[in-house]
Amino acid sequence: MLLIECPWCGPRAETEFSYGGEAGIFRPADPHALSDAEWADYLFYRSNPRGTHRELWNHAQGCRRWFGVERDTVSYRIKRTYCLSGASGGQPDGSAGGLEAGSGKRR
Amino acid sequence: MSESAPPAGIAIRVRSARGFINLRLNPRNRQALEAAERVLGQQAPLSANTFTGGEHNLYWLGPDEWLIATGAQRASELARELAEALKDFHAAVNDVSGGNVELLVSGANASMVLAKGCPLDLHPRAFAPGQCAQTGLGRAAVLLAAVDPSTYAIVVRRSFARYLRRWLENADSAGVPFRAAGKRQQAGYRSSP
Ligand SMILES: [Zn+2]
């Protein structure tokens, strides 16, 4: 069982969370400008790294907020968790937020 | 459902005639927050996982979401007043009285019984009176609030209330006594018929 630190609620059991895949995947502003290969890349392809992975989690059985997690895919160690930018209410400390559009890893 | 007095001594009762309102607004919009607080006559808790008492109980559910627990008679009127006060803001007011039930669990062993099916650290150091949390209890999703050192309020979906009550009764009666050898209890099985 992982202990995951929700940015709002603090450390909670893994069973309270659901996984939302790789973080930093943003819908292209103009899908029609993309080739089929680029569209497929956006829809289906993920980086699947060995090591540090930025991913989305939802505190489903708690505050129901999405947040970002940096997790090592080898050791499962969670390096940090953070609020997403634009999340209403901002950060627990009142500041704006962490993950900017386009900052996620794209191949 | 009425008062019960199971062996290990926790009391489980349904808090009758309760009404519930879900309130959503961004507290960084001070005008909206103050408009809501004027109607409520009390402040909404802004620290995560805390609640405030008063005429109503206000539970923090998320950075932009609260549950207001109040008298059943008052709820629909209060929801209307809130909706009216917030009509010019990006906010949502929903009367969710029909969907929720509030249970009160009390007794010196209450936290031990809850701990059989709840992943939270319920030690008073970690979960003190005035704190609340949305979490799992048994197989149900609940809002759990520490009222005083031996009393917890649980708000649960109405369709899960009967299940949860039975789960609590079972957790209370099952297995060896709590203090035996300082061992942590496993959720579970009746030791005798
Ligand atoms: Zn949370």
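Since the model is a prediction, treat every value here as computed from it, not as a measurement. What you see as residue numbers is a count from 1 along each chain, following the sequence as written. Lettering for chains starts from A, numbering for ligands starts from 1, and both go in the order in which the items are written. Restriction of local features to residues with pLDDT of at least 70 applies here, the model being predicted, together with a cutoff of 80 or more for giving and counting side-chain atom pairs; totals for whole chains, interfaces and linings are based on all residues. Hydrogens and water are ignored here; the side-chain numbers use all heavy atoms of the structure.

Asks: Explain the domain arrangement of chain B here, please?
Replies: Interfaces are often sized by the accessible area lost when the parts come together. All names here are of chain B. A domain assignment, automatic or from a database, supplies the domain bounds used here. One can read the domain layout of chain B as domain 1 (17–98) and domain 2 (100–172). Between the C-alpha centres of domain 1 and domain 2 there is a distance of 22 Å. Throughout, a residue-residue contact means that at least one pair of heavy atoms, one from each residue, lies within 4.5 Å. Across the contact, 13 residues belong to domain 1 and 15 residues belong to domain 2. Throughout, buried area stands for the accessible area (probe radius 1.4 Å) lost by two parts on being put together, summed over both. Carbon and sulfur atoms supply 55% of the area that domain 1 and domain 2 bury against each other, a total of about 1100 Å² over both sides. For the domain 1 face of the interface with domain 2, the top three residues by lost area are Asn49, Phe51 and Tyr59, together amounting to 45%.

Asks: Just checking my understanding: could you explain the coordination of the zinc ion for this structure?
Replies: Perfect tetrahedral coordination of a metal by four donors corresponds to 109.5 degrees between them, and perfect octahedral coordination by six donors corresponds to 90 or 180 degrees. Residue and element names in this part refer to chain A. Here a donor is an N, O or S atom found within 2.8 Å of the metal, or within 3.2 Å if the metal is Na, K or Ca; sites may look incomplete because water is not among the atoms. Looking at the metal site, the zinc ion is ligated by Cys6 (SG), Cys9 (SG), His59 (ND1) and Cys63 (SG), spaced 2.0 to 2.4 Å from it. Here a site with four donors is tetrahedral if all angles are between 85 and 135 degrees, and a site with four or six donors is square planar or octahedral if opposite donors are over 155 degrees apart and the other angles are between 65 and 115; anything else gets the irregular label. Every donor counted, the four donor atoms about the zinc ion form angles of 104 to 118° at the centre, which fits tetrahedral coordination. The sequence pattern formed by the donor residues of the zinc ion is C-x2-C-x49-H-x3-C. Each residue is assigned to one of three classes by its accessible area relative to the maximum for its type, calculated with a 1.4 Å probe on protein chains only: buried under 20%, partly exposed between the two thresholds, exposed over 50%. Its relative accessible area of 15% is what places Cys9 among the buried residues.

Asks: Looking at this structure, I do not really get a nonpolar patch on the surface. What am I missing?
Replies: Here a patch means residues that are over 30% exposed by relative accessible area and free of salt bridges, tied together within 9 Å if like-charged and within 5 Å if nonpolar (Val, Leu, Ile, Met, Phe, Trp, Tyr). Per-residue and other accessible areas follow the Shrake-Rupley method at a 1.4 Å probe size, with only the shown protein chains counted as cover for residues. Salt bridge, as used here, is a side-chain nitrogen of Lys or Arg placed within 4 Å of a carboxyl oxygen of Asp or Glu. A cluster of nonpolar side chains, namely Leu43, Phe44 and Tyr45 of chain A, defines an oily patch on the protein surface of about 350 Å² accessible area. Here a helix means four or more residues in a row that DSSP labels H or I, a strand means two or more in a row labelled E, and each is numbered from the N terminus. For Phe44 of chain A, the location among the structural elements is in helix α1 (residues 36–44).

Asks: What exactly am I supposed to notice about the layout of surface pockets here?
Replies: Here the idea is plain: a probe the size of a water molecule rolls over the atoms and shows the empty space left. Residues are said to line a cavity or pocket when one of their atoms sits within 4 Å of a point; the points come from a 1 Å grid over protein atoms alone, cavities being sets where a 1.4 Å probe fits but cannot get out and pockets being open sets with protein on both sides within 12 Å along at least five of seven lines. Grid points are joined across faces, edges and corners, and a volume is the space filled by probe spheres set on the points. For the largest pocket, the calculated volume is near 400 Å³. Lining the largest pocket are 18 residues, and of these Arg64 of chain A together with Leu61, Asn100, Gln134 and Arg157 of chain B sit closest to its centre. Residue assignment places the lining of the largest pocket across two domains, with domain 1 (17–98) and domain 2 (100–172) of chain B each supplying three or more.

Asks: Which parts of the structure should I look at to understand the confidence of the model for chain B?
Replies: When pLDDT is low, close inspection of the predicted coordinates is not appropriate. Across the chain, each position has a pLDDT score giving the predictor's confidence in that residue, from 0 to 100. With 85% of its residues at a pLDDT of at least 70, chain B reaches an overall mean of 89. In the model, residues 179–193 of chain B has pLDDT below 50 throughout and makes 18 contacts with residues more than four positions away in sequence or in other chains.

Asks: I would appreciate a short explanation of the packing of aromatic side chains in the present structure.
Replies: When we look at a pair of aromatic rings, we describe it by the centre distance and by the angle of the planes. Residues and elements named next belong to chain A. The rule is short: rings of Phe, Tyr and Trp, with Trp giving its six-membered ring, pair when the centres are within 6.5 Å, and they are stacked under 30 degrees, edge-to-face over 60, tilted in between. Tallying each qualifying case throughout the model produces seven aromatic pairs over all chains. Seen from their ring centres, Tyr19 and Trp57 are 5.2 Å apart, and the 65° between their planes marks the pair as edge-to-face. Here Trp57 lies in strand β4 (residues 52–58) and Tyr19 lies in strand β3 (residues 18–22), a separation of 38 residues in the sequence. The ring of Tyr76 is capped by Arg71, whose NZ or CZ atom sits 5.1 Å from the centre of that ring. Whether a charge lies above a ring is judged from NZ of Lys or CZ of Arg, which has to be within 6 Å of the ring centre and within 35 degrees of the ring normal.

Asks: Can you help me understand the pattern of salt bridges in this one?
Replies: Side chains that differ in sign of charge can pair as their charged atoms come close. Within this structure, the stated rule accounts for 14 salt bridges over all chains. Of the charged contacts in the structure, one is a salt bridge between Glu16 of chain A and Arg12 of chain A, with a shortest N-O distance of 2.8 Å. Here Glu16 of chain A and Arg12 of chain A have matching classes, each one buried. One salt bridge connects Glu65 of chain B with Arg65 of chain A, and the closest N-O pair in it is separated by 3.2 Å. Placement of the pair is Glu65 of chain B in strand β5 (residues 65–71) and Arg65 of chain A in the loop between β4 and β5 (66–72), with the two residues belonging to separate chains. Ionic contacts of the salt-bridge type, sharing partners, join the residues Arg64 and Arg65 of chain A together with Arg24, Asp64 and Glu65 of chain B into one network.

Asks: Is there a simple way to explain the interface of chain B and chain A in this structure?
Replies: Listed as interface residues are 19 residues of chain B and, on the opposing side, 18 residues of chain A. Where chain B abuts chain A, roughly 1300 Å² becomes buried across the two surfaces, and 44% of that area is made up of carbon and sulfur atoms. Where chain B touches chain A, the interface holds three salt bridges. Of all the secondary-structure elements, those providing two or more residues to the side of chain B that touches chain A are β4 (57–62), β8 (132–137) and β9 (140–148) of chain B. Following the grouping adopted for this structure description, the nonpolar residues are Ala, Val, Leu, Ile, Met, Phe, Trp, Tyr, Cys and Pro, the charged ones are Asp, Glu, Lys and Arg, and the polar ones are all others, Gly among them. In terms of residue class, the side of chain B that touches chain A is made up of nine nonpolar, six polar and four charged.

Asks: What exactly am I supposed to notice about the sheet that holds strand β6 (residues 91–95) of chain B here?
Replies: What holds strands together in a sheet is hydrogen bonding between their backbones, with the strands either parallel or antiparallel. Residue and element names in this part refer to chain B. The rule for pairing is simple: two strands pair if DSSP sees at least two bridges between them. Here five strands make up an open sheet; going across it, the order is β3-β4-β5-β2-β6 and the pairing antiparallel. Of all strands in the sheet, those with a lone pairing partner are β3 (51–52) and β6, marking the two edges. In the sheet, β3 pairs with β4 via two bridges, with the strands oriented antiparallel. Opposite Thr52, over in β4, you have Leu58 as the bridge partner. Where helix α1 (residues 30–40) meets the sheet, its contacts fall on β2 (18–25), β4 and β5, and the angle it forms with β2 comes to roughly 165°. Each of β2, β5 and β6 is contacted by helix α2 (residues 72–85), which is oriented at about 140° to β5, the strand it contacts most. Interaxial angles span 0 to 180 degrees and are taken between N-to-C directions of axes, which are lines fitted to C-alpha atoms, for helices over the stretch in contact.

Asks: In this structure, what is going on with unusual backbone geometry? I would like to understand it.
Replies: Glycine aside, residues mostly have negative phi, and peptide bonds are mostly found in the trans state. Backbone geometry at Tyr76 of chain A places phi at a positive 70°, although glycine is not the residue there. As for its position among the elements, Tyr76 of chain A is in the loop between β5 and β6 (78–83). Even without glycine at this site, Ala17 of chain B takes up a positive phi of about 55°. Locating Ala17 of chain B in the fold gives a position in the loop between β1 (11–14) and β2.

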